[in-house]
Amino acid sequence: MNLTAWVLASHWRQMELPYGFYGPVVVTGPQLADLEEALAGEVTAVCAAVADIRAEWASRRPVGESQARAELLGAARHATAALA
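The shown structure was predicted, so the numbers you read here are calculated from the model rather than taken from an experiment. (Residues numbered from 1 in each chain as written. Predicted model: local features only at pLDDT ≥ 70, side-chain atom pairs only at ≥ 80, totals over all residues. Heavy atoms only, no water.)

Caption draft 1: Representation of the side chain of H11. Of note, H11 is situated in helix α1 (residues 3-13). Judged by relative accessible area, H11 falls into the buried class, the value being 18%. Each residue touching H11, except ones within four places of it in the same chain, is listed here: E42, A76, R77 and T80. (Helix = DSSP H or I, 4+ residues; strand = E, 2+ residues; numbered from the N terminus. Buried < 20%, exposed > 50% of the residue type's maximum accessible area, 1.4 Å probe, protein only. Contact = heavy atoms within 4.5 Å.)

Caption draft 2: Quick look at a nonpolar patch on the surface. Residues W12, V25, V27 and L39 make up a contiguous nonpolar surface patch of roughly 290 Å² in combined accessible area. Summarising the element assignment, V25 is placed in the loop between α1 and α2 (37-56). The class for V25 is partly exposed, based on a relative accessible area of 41%. (Patch = residues over 30% accessible without salt bridge, like charges linked within 9 Å, V, L, I, M, F, W, Y side chains within 5 Å. Areas by Shrake-Rupley, 256 points an atom, 1.4 Å probe, with all protein chains shown as cover. Salt bridge = Lys/Arg side-chain N within 4 Å of Asp/Glu carboxyl O.)

Caption draft 3: Spotlight on unusual backbone geometry. Positioned with a positive phi, Q14 is a non-glycine residue whose angle comes to about 60°. Within the secondary structure layout, Q14 lies in the loop between α1 and α2.

Caption draft 4: Representation of the pattern of salt bridges in the model. Per the counting criterion, the structure on display carries four salt bridges. Across the pair R69 and E16 runs a salt bridge, and its minimum N-O distance is 2.4 Å. Of this pair, R69 sits in helix α3 (residues 65-81) while E16 sits in the loop between α1 and α2, placing them 53 residues apart in sequence. Judged by relative accessible area, which is 26%, R69 ranks as partly exposed. For E65, the salt bridge identified is with R69, shortest N-O distance 2.9 Å. Taken as a pair, E65 and R69 lie in helix α3 at a separation of four residues, close to a single helical turn. One connected set of salt bridges, linked through shared partners, spans E16, E65 and R69.

Caption draft 5: Representation of the packing of α1 against α3. With their axes 10 Å apart at the nearest point, α1 and α3 run at an angle of 65° to one another. For α1 against α3, the interelement crossing comes out right-handed. Only R69, L72, L73, A76, R77 and T80 of α3 make contact with α1, whose side of the interface consists of L3, W6, V7, S10 and H11. Residues that form the contact of α1 with α3 fall into these classes: six nonpolar, three polar and two charged. (Axes fitted to C-alpha atoms, helices over the stretch in contact; angles between N-to-C directions. Left-handed = near helix turned anticlockwise from the far one by under 90°. Nonpolar A, V, L, I, M, F, W, Y, C, P; charged D, E, K, R; others polar.)

Caption draft 6: The arrangement of the side chain of S10 in detail. Secondary-structure assignment places S10 in helix α1. Dropping the residues within four chain positions of it, S10 is found in contact with M15, E16, L17 and L73.

As structure tokens, then:
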């Protein structure tokens, strides 16, 4: 499962999506244009937050799946709030 894509889509929809994304994902702007700078920064921040959490899980496993999802979504909210 592509956790980063799931977290990003869930964050943008402001809800925990009940389905996952698998494989590579491309994020584009309207009609395949480049992303605006602010949106590109948000994508980068969420990617970094998910990578940090996954690195932590190498030594500290989440209690369960729902807690893991909550931790990832919380990290995304925190990372993007820092951009505002």
